[in-house]
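Notes for the structure review
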Amino acid sequence: MNAENFAVSQNNNQSRQDHFRLQLSLAETIKKSLNGKANQGRSPEAINLIRNRFKVAIQHTNIPLQKKYVRKLYDGVVDEIMGLGPIEIYMRDDSITEVMVNGHHQIFVEKEGQLIEVPERFVSEEHLQKTINKIVEPLGRKVDASSPTVDARLPDGSRVNAVVPPCAVDGATLTIRKFSKDRLTINDLVDFGSLDESMAEYLEACVITKLNILVSGGTGTGKTTLLNALSGFIPERERIITIEDAAELRLNQRHVVRLETKPPLLSNDSEVTIRDLVKNSLRMRPDRIVVGECRGGEALDMLQAMNTGHDGSMTTIHANSPRDAISRLETLVLMAGMEIPISVARKQISSAINLIIQISRIRDGSRKVIQITEVGGLEGENVVMQPMFEFDDQGENDGKVIGSFKAGRLRSMYDDQFKMRDLSFSPVPYNALNATKNGRQRMKVERS
């Protein structure tokens, strides 16, 4: 790189790529000189070692750098050596929920529900692919032309997906869904406006009454977050088995067993799927089974568990409405590899699932529970569904969606079960979901 050109480019928009190239070059030079001595995380000793090597490396470049760039350059070099290079700054930012790299030349992040393109770039396709392997190699995985896709989980729980050529036509892609450091409770979701207090009270009653719950929604709508919040209502005395592709659920109860799938690491390696773990969990004396997501034949095993005494189980599914969730479950049951008539599958679903919670990311980027629907068996060939709550979208104001949550006009199909557990509501229709004591007072639940 021509020193004179770089000195001039620092003052215009063309500086970015030159800056990133210099940053990567310095990082590679310093990393070679360290001989693995910086593999201590961001310890003071490691940072001090890199700082000293950086000062020496800068002197050898003979490039006239403006002072305001030196600190920025140093921070970038540290991120390159000890982190994930250009995206490390966003991995440390708690307000960023997702990082999306579309080839080495384009990076987007999600912040407050909105997608934002950021100025950082990878220097080349090789640079990006090295960063991807830097993420997955400690997990025993590798991505290259012979194995071009990978799903993995970072030590902090963040989910990683990467696709490289030839499957990624325009260059390698990397998607990281960051793992929230703070476990959100149902009260947090109420504060965020994802649902209201009456809905929270009703859902609390449903969980304690051991209704089988299906959380439905699209990608990135907050299904796992809601599932985790609902799990907080499970009484402490019950044994809970959680089953996930990537362990994200964080339950506070003491008696929790967490199971996670195992992909084949080598061509002749074994694989443990969600379905394998659901089957195995039935031998583990569970009071509740919580499956992170049903996306295949495990749906049949989950429904059979719900229908054979494992009440209070919960899972999520990708669907756009409660009715679509039922149809999606039917499809997944048929994927189990057994010759099951659609009428039998529908009967299994209608008797197993008691409640469907539909969550959505709406136009302004906020996530809301847009419908809570009870399932009450079959009438002929149709699954009986009764909406209990809905979000009434009333338009926008200054880019924000305005609306309100409205309760249905029918009493719950499970009102008698609520009363058996002393979770009685007033006998008026559920458009005013009040506890029998003190009107709209928060109902108190005995958890022991």
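All values derive from a computational prediction rather than experimental measurement. (Residues numbered from 1 in each chain as written. Predicted model: local features only at pLDDT ≥ 70, side-chain atom pairs only at ≥ 80, totals over all residues. Heavy atoms only, no water.)

**Some points on the overall build of the protein**
Selection criterion: The way it works is that DSSP assigns letters per residue, a run of H or I at least four long becomes a helix, a run of E at least two long becomes a strand, and they are numbered from the N terminus. Buried residues are those whose accessible area, probed at 1.4 Å on protein chains only, stays under 20% of the maximum for their type, while exposed residues exceed 50% and partly exposed ones sit between those limits. We call two residues in contact when some of their heavy atoms are within 4.5 Å. For the accessible areas, the method is Shrake-Rupley and the probe is 1.4 Å, while residue cover comes only from the protein chains on display.
Within the protein one finds 14 helices and 15 strands. Counting all 448 residues of the protein, 50% fall into the buried class. Considering only contacts in the protein between residues 6 or more positions apart, those separated by 24 or more positions represent 55%. In the form shown here, the protein has an accessible surface area of approximately 22000 Å², with 48% of it arising from carbon and sulfur atoms.

**Describing the nonpolar core**
For soluble globular proteins, nonpolar side chains are generally found buried alongside one another. Our working rule: Residues belong to one nonpolar core when they are buried, are Ala, Val, Leu, Ile, Met, Phe, Trp, Tyr or Cys, and are joined through side-chain atoms within 4.5 Å.
Leu230 and Ile357 are the most contacted members of the largest nonpolar core, which has 40 residues in total. Among the elements that make up this core, the one with the highest residue count is helix H8 (residues 197–208) (eight residues). Residue contacts for Leu230: discarding those within four places in its chain leaves Ile186, Leu203, Val207, Ile213, Val215, Met314 and Ile357. Leu300, Leu303, Leu332 and Val333 belong to the second largest nonpolar core, which has 34 residues in total.

**Comments concerning the packing of helix H11 (residues 298–306) against helix H13 (residues 342–352)**
Rules: All axes are obtained by fitting lines to C-alpha atoms, using only the stretch in contact for helices, and the reported angles, taken between N-to-C directions, cover 0 to 180 degrees. Each angle is binned into one of four classes, with values under 35 degrees roughly parallel, values over 145 roughly antiparallel, values of 65 to 115 roughly perpendicular, and all other values oblique. By the definition used in this description, the sense in which the near helix is turned from the far one sets the handedness, with an anticlockwise turn below a right angle giving left-handed and a clockwise turn giving right-handed. Classification used: nonpolar for Ala, Val, Leu, Ile, Met, Phe, Trp, Tyr, Cys and Pro, charged for Asp, Glu, Lys and Arg, polar for all others including Gly.
Close contact between H11 and H13 brings their axes to 9 Å; oriented N to C, the two are set at 50°. Taken together, the axes of H11 and H13 are oblique relative to one another. Crossing of H11 over H13 shows left-handed handedness. In this structure, H11 contributes Leu303, Gln304 and Met306 to the contact, and H13 contributes Gln348, Ile349 and Ala352. Residue composition of the contact of H11 with H13, grouped by class: four nonpolar, two polar and no charged.

**Here's the deal with the side chain of Arg141**
Put simply, the rule reads: Think of a polar contact as two N or O atoms within 3.5 Å of one another; within protein, one of them needs to be a possible hydrogen donor and the other a possible acceptor, and neighboring residues in sequence only count if both atoms come from side chains.
Relative to the elements of secondary structure, Arg141 occurs in the loop between helix H6 (125–136) and strand E4 (149–153). Within the structure, Arg141 has its side chain in polar contact with the backbone oxygen of Asp151 (distance 2.6 Å).

**Some thoughts on the packing of aromatic side chains**
Where we set the bar: Centres within 6.5 Å make a pair out of two Phe, Tyr or Trp rings, where for Trp the six-membered ring is used; the pair is then stacked when the planes are under 30 degrees apart, edge-to-face when over 60, and tilted otherwise.
Enumeration according to the criterion identifies four aromatic pairs in this entry. Ring centres 5.3 Å apart and planes at 65° place the aromatic pair Phe54 and Tyr74 in the edge-to-face group. Of the two residues, Phe54 sits in helix H3 (residues 44–61) while Tyr74 sits in helix H4 (residues 67–82), which places them 20 residues apart along the sequence. Across the pair, exposure class does not vary: Phe54 and Tyr74 are buried alike. Each ring, one from Phe391 and one from Phe405, has its centre 5.2 Å from the other, and the planes form 55°; the classification is tilted. Here Phe405 lies in strand E15 (residues 400–407) and Phe391 lies in strand E14 (residues 382–397), a separation of 14 residues in the sequence. Given a relative accessible area of 14%, Phe391 falls into the buried group.

**Focus on the sheet that holds strand E2 (residues 107–111)**
Going by this rule: Following DSSP output, two strands are said to pair if at least two bridges run between them.
Strands sit in the order E3-E2-E1-E6-E5-E4 across an open sheet of six strands; the sheet is antiparallel. With one partner strand each, in any of the chains shown, strand E3 (114–118) and E4 form the two edges of the open sheet. Taken pair by pair, the neighbouring strands of this sheet meet at an average axis angle of 15°, ignoring direction. Sheet topology places strand E1 (residues 96–102) next to strand E6 (residues 173–177); five bridges connect them, and they run antiparallel. Residue pairing for E6: Val101 is matched across the bridge by Leu174. Here H6 sits on the sheet and contacts E1, E4, strand E5 (159–163) and E6; the angle it forms with E6, its principal contact strand, is near 40°.

**Focus on the packing of helix H10 (residues 274–281) against H11**
Where H10 meets H11, the axes come as close as 8 Å, and the angle between the chain directions of the two elements is 20°. One element, H10, and the other, H11, form an angle in the roughly parallel class. Handedness of the H10/H11 crossing: left-handed. Together, Ile274, Arg275, Val278 and Lys279 of H10 and Glu298, Leu300, Asp301 and Met302 of H11 make up the contact between the two elements. In terms of residue class, the contact of H10 with H11 is built from four nonpolar, no polar and four charged.

**What to know about the confidence of the model for the protein**
One rule of thumb: low pLDDT means the predicted coordinates there are not for detailed reading. Basically, it comes down to this: A residue's pLDDT is the predictor's confidence in that residue, given on a scale from 0 to 100.
Overall, the predicted model of the protein reaches an average pLDDT of 84, with 88% of residues at or above 70. Here residues 1–14 is a poorly scored stretch, pLDDT under 50, and it has 22 contacts once near neighbours within four places are set aside; other chains count. This model gives residues 426–448 a pLDDT under 50, and the stretch forms 59 contacts once residues within four places in sequence are excluded.

**Structural notes on the pattern of salt bridges**
If the charged atoms of two oppositely charged side chains come close together, the side chains can form a pair. Selection criterion: Salt bridge, as used here: a side-chain nitrogen of Lys or Arg that lies within 4 Å of a carboxyl oxygen of Asp or Glu.
Here the structure, examined in full by the defined rule, presents 20 salt bridges. Between Arg285 and Asp287 there is a salt bridge, and its shortest N-O distance comes to 2.8 Å. Under the relative-accessibility criterion, Asp287 is labelled buried at 19%. Salt-bridge contacts for Lys406 lead to Asp392; the nearest nitrogen and oxygen are separated by 3.0 Å. Of this pair, Lys406 sits in strand E15 while Asp392 sits in strand E14; the two residues are 14 residues apart in sequence, bridging distant segments of the chain. By relative accessible area, Lys406 is classed as partly exposed at 46%. When its relative accessible area of 26% is taken as the criterion, Asp392 is described as partly exposed. Through salt bridges with shared partners, a single ionic network connects Asp79, Glu88 and Arg92.

**Brief notes about the pairing of E15**
Two elements, E14 and E15, share seven bridges in a ladder whose sense is antiparallel. What sits directly across from Asp392, in E15, is Ser404. From the end of E14 to the start of E15, which pair antiparallel, there are two residues, and Asp398 there has a positive phi angle of about 55°.

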